[in-house]
Amino acid sequence: MTDNWVSRAHERDRFELAIAGTRLGLWDWDMVTGETVFNERWAEIIGYTLDELSPTSIETWTSLAHPDDLAHSAAEIERHTQGLIPFYDVEARMRHRDGTWVWVRDRGQIVEWTLDGKPRRMLGTHEDINDRVIAQDELAASERRFAAMFRDHDALMLLVDPGTGRIVDANHSAAQFYGYSIDELRSMKIDQINTLPPREIARRRKQVVDHTRESFVFPHRLANGQSRLVEVHSSPIVDHGRTLLFSIIRDVTEREYFEAQQRQAAAVFDHMSDAVIIADNRGMVLRVNPAFTRITGWPPERIVGHDTRSIAAPIADPDLRKTVRESHRKMEGFRNELMLMHADGTEFPCLISASPVHGPMGVIDGYVTLVTDIRDRVRTEQDHLSFVTRHDPVTGLPNRVWFAELLDQRLDEMHRNGSFATLLLIDIDRFQVINDSFGRDAGDDVLAQIGRRLQARLRPEDRLAATDGNEFGVLLDGISGLPEATRAAERMLEAIVSPVLLPDGTEARTSACVGVKVIPGSSQTAELVLQNPPPLRDARPGHPRASCPRDAPVARMAGAGVQRSLPATGGYENRRDRRRRGADAVVPGRRSARVSQRVHPGR
């Protein structure tokens, strides 16, 4: 017997040496006598020393084992004894010295049998698995909490397979939002909800797996076909050894719409051609747009924080000044044309439109002022007014006012440099016949056509004006000799004598007298020159203005006035009844009668 125990002691020693480095507790149970031997590590796992537990037996173990685990351990030992399982292996709780329960993995095997085939000896180990079990319990609890949170949370949640895009799970909120049941969602892929191209969706999933991006805004389609913008926050999680994408989804359709409106408003604010000033209810500038600086020259830092009235020029009109003052006092909007002060110190006209901004309680929070630069408009209006006052409305040619200014300028230049110029005054005869027969519109059309013809016969340096009614004035620059001036007058007459085609197809003819005067430089004014023009007389025999014989030679003396007149061939023929009206007429298309010319010496 002694030899047997010695042999067993040696076996335990060798076994302990073999497992010393594994930090396992060792037990050796004599299943016949109940005697059980433990090593120091076995006692250490439950907070004791081996001496404190001695003497030891199987009762030492059963007294420290959790009562709820004893039945399961006994059942497993019995199965092993019956050869149903090759090893005994259970996880059970042992009471620690501090009163807590620690988890051990209890494993063993029968190593000796009696001669009649009954188990005699069993060797086993205790492995401290308390930390692992606690971690598993905490993980299980966490999973239960996550499952409950996932299932019942108000936020929309999906679990998605990053490889296939299959929806692994969805919570109740997601099912309610998308309009599908949870089972229906589990049978779908995210591509059936996300309306982006599948390749793009897969690329975004990979970004989440690679931890390069976690937040996205996607267009998602609901079961009813409606499209919503959603913000998706995704992160990879490991679930039972596989990676899934845990996605929290938030409907941001209204937010994105509002932000889009804000971006559009900001873009409009920054790119408006008009200046915009945003001020508080005291009139202190809070913000200006880039156009403000472009229009006023003031950089933002020079105006922000200052009163909007600091750049307003003094208002001369007392009524306007009162209107602006009242609008400020009553905190109302107004719209008026005012002068603003440019950064360079000059004043310029602007159209100011100020509107109050009301807060939620109806109180004015501030003002938005729109500043429209009207310098071009004012300049255009002034130019138009100047054009109207200095041009003939019928022919579009400069009028007598403009011609007088030009003549004054040329007289001053000629006085300084001793040069000459030639003045032609053209009087269209028998013009009243056309007005009486066809009406003023036809008469205006004839004048306009004659004006264009005369303009075409001039040199670039010559100037033409409609000086009065049916009269034209021509200033010939650089012509100081009467012969050359007379030839210019002949060109004017040739332009006038050709028939004028009226809008209804009727041809009208006119006659004209041209007075020629060579003007030396002097201190006289244009008004004096125009008040004493060269004489214009009709050369027809018996006419009250006749003053020179037929075919009189052209006077060739400096400063002489020369008049060429056309015989009366003015008139027209109506195409509808061909009734003759006026003095003479020509049939449309018929060769005109030869025009004779009469030259009158100037006075």
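On a predicted model such as this, the values are computed, not experimentally measured, just so you know.

### Describing the pairing of strand β14 (residues 347-358)
Then, number 1: One ladder, built from eight bridges, connects strand β13 (residues 334-341) with β14; its direction is antiparallel. Bridging across to β14, Leu-338 finds its partner in Cys-350.
Then, number 2: The hairpin formed by β13 and β14 contains five residues between the paired strands, and Gly-345 there has a positive phi angle of roughly 95°.
Then, number 3: Here nine bridges tie β14 to strand β15 (residues 364-373), and the two strands are oriented antiparallel to one another. The residue bridging Val-357 from the neighbouring strand is Gly-366, located in β15.

### Remarks on the sheet that holds strand β8 (residues 215-221)
Then, number 1: Taking strand neighbours across the sheet as the criterion, the five strands line up as β7-β6-β10-β9-β8 in an open arrangement whose pairing is antiparallel. Two strands in the sheet have a free side with no partner beyond their single neighbour: β7 (167-170) and β8. When strand polarity is set aside, the average angle formed by the axes of neighbouring strands in this sheet is 35°.
Then, number 2: Sheet topology places strand β6 (residues 156-160) next to β7; three bridges connect them, and they run antiparallel. Of the residues in β7, the one forming a bridge with Val-160 is Ile-167.
Then, number 3: Relative to the sheet, helix α6 (residues 130-152) contacts β6, β7 and β10 (242-251), its axis offset from that of β6 by approximately 120°.

### Observations concerning the sheet that holds β14
Then, number 1: Strand order in the open sheet formed by five strands is β12-β11-β15-β14-β13, and the pairing between neighbours is antiparallel. Since the sheet does not close on itself, it has two edges, and those belong to β12 (285-288) and β13, each with one partner. Averaged over all pairs of adjacent strands, the angle between their axes in this sheet comes to 30°, without regard to strand direction.
Then, number 2: In this structure, strand β11 (residues 275-280) lies alongside β12, joined through three bridges in antiparallel fashion. In the strand pairing of β12, Ala-279 is matched with Val-285.

### Observations concerning unusual backbone geometry
Then, number 1: The residue after Ser-54, namely Pro-55, is reached through a cis peptide bond having omega -10°.
Then, number 2: Positive phi is not limited to glycine here, since His-211 has a value of about 60°.
Then, number 3: With respect to the helices and strands, the residue His-211 is situated in the loop between α9 (198-209) and β8.
Then, number 4: Overall, the relative accessible area of 64% leaves His-211 in the exposed class.

### Side note on empty space enclosed by the protein
Then, number 1: Per the stated rule, a full pass over the model turns up one cavity of 30 Å³ or more.
Then, number 2: Its volume calculated, the largest cavity comes out at about 170 Å³.
Then, number 3: Taken together, 16 residues line the largest cavity, and the ones lying closest to its centre are Ile-190, Phe-218, Val-232, Ser-234 and Ser-247.
Then, number 4: Contributing elements (two or more residues each) for the lining of the largest cavity: β6, α9, β8, β9 (227-239) and β10.
Then, number 5: Here the lining of the largest cavity gets four residues from one element, more than from any other, and that element is α9.
Then, number 6: Each residue belonging to the lining of the largest cavity can be placed in one class, and the counts come to ten nonpolar, four polar and two charged.

### Things to note about the pattern of salt bridges
Then, number 1: Counted under the stated rule, the structure contains 38 salt bridges.
Then, number 2: Notably, a salt bridge pairs Asp-89 with Arg-105, separated by 2.6 Å at the nearest N-O pair. Residue Asp-89 is found in strand β3 (residues 88-95), and its partner Arg-105 is found in strand β4 (residues 101-113); the two are separated by 16 residues along the sequence.
Then, number 3: We note a salt bridge from Glu-200 to Arg-204, for which the minimum N-O separation is 2.7 Å. Linking Glu-200 with Arg-204, this pair stays in helix α9, spanning four residues, or about one helical turn.
Then, number 4: The class of Glu-200 is partly exposed, set by a relative accessible area of 22%.
Then, number 5: Judged by its relative accessible area of 16%, Arg-204 falls in the buried class.
Then, number 6: By sharing partners, the salt bridges in this structure join Glu-231, Arg-250, Arg-255, Glu-256 and Glu-259 into a single network.

### Quick word on the packing of helix α16 (residues 431-438) against helix α17 (residues 440-456)
Then, number 1: Two numbers describe how α16 lies on α17: the axes approach to 6 Å, and their chain directions differ by 140°. Relative to α17, the element α16 lies oblique. Each of Phe-431, Ile-434, Asn-435 and Phe-438 in α16 lies in contact with α17, whose residues at this interface are Arg-440, Ala-442, Gly-443, Val-446 and Leu-447.
Then, number 2: For the contact of α16 with α17, the class distribution of residues is six nonpolar, two polar and one charged.

### Some remarks on the confidence of the model for the protein
Then, number 1: Looking at the protein as a whole, its pLDDT mean stands at 80, while 81% of the residues score no less than 70.
Then, number 2: Confidence over residues 536-603 falls short of pLDDT 50; this stretch has 160 contacts with residues more than four positions distant or in other chains.

### Regarding the layout of surface pockets
Then, number 1: Here the second largest pocket is characterised by a volume of approximately 400 Å³.
Then, number 2: For the second largest pocket, the lining is made up of 17 residues, of which Glu-143, Phe-146, Ala-147, Leu-159 and Asp-239 are closest to its centre.
Then, number 3: Those elements giving two or more residues to the lining of the second largest pocket turn out to be α6, β7, α8 (182-186), β9 and β10.
Then, number 4: When residues of the lining of the second largest pocket are assigned to their parent elements, the largest contribution, six residues, is made by α6.
Then, number 5: Its residues assigned to classes, the lining of the second largest pocket comprises eleven nonpolar, one polar and five charged.

What counts as what
- Throughout, a residue's number is its position along its own chain's written sequence, starting from 1.
- pLDDT decides what is reported in this predicted model: residues at 70 or higher carry local features, side-chain atom pairs at 80 or more are listed and counted, and totals for whole chains, interfaces and linings draw on all residues regardless.
- As a rule here, side-chain values come from all non-hydrogen atoms in the structure, and water together with hydrogens is ignored.
- By this definition, two strands are paired if DSSP reports at least two bridges between them.
- Numbering of helices and strands starts at the N terminus; helices are DSSP runs of H or I of at least 4 residues and strands are runs of E of at least 2.
- Axis definition: a line fitted to C-alpha atoms, over the contacting stretch in the case of helices. Angles run 0 to 180 degrees between N-to-C directions.
- Any pair of residues with heavy atoms lying within 4.5 Å of one another is described as a contacting pair.
- Burial classes follow relative accessibility: with a 1.4 Å probe on protein chains only, a residue under 20% of its type's maximum area counts as buried, one over 50% as exposed, and anything between as partly exposed.
- Cavities and pockets are defined on a 1 Å grid built over the protein atoms alone: a cavity is a set of grid points where a 1.4 Å probe fits but cannot escape, while a pocket is an open set with protein on both sides within 12 Å along at least five of seven lines, and lining residues are those with an atom within 4 Å of any such point.
- Grid points are joined across faces, edges and corners, and a volume is the space filled by probe spheres set on the points.
- Residues are grouped as follows: Ala, Val, Leu, Ile, Met, Phe, Trp, Tyr, Cys and Pro are nonpolar; Asp, Glu, Lys and Arg are charged; every other residue, Gly included, is polar.
- Salt bridge criterion: a side-chain nitrogen from Lys or Arg within 4 Å of a carboxyl oxygen from Asp or Glu.
- Throughout this description, any angle smaller than 35 degrees is read as roughly parallel, any larger than 145 degrees as roughly antiparallel, any in the 65 to 115 degree range as roughly perpendicular, and the remainder as oblique.
- A residue's pLDDT is the predictor's confidence in that residue, given on a scale from 0 to 100.

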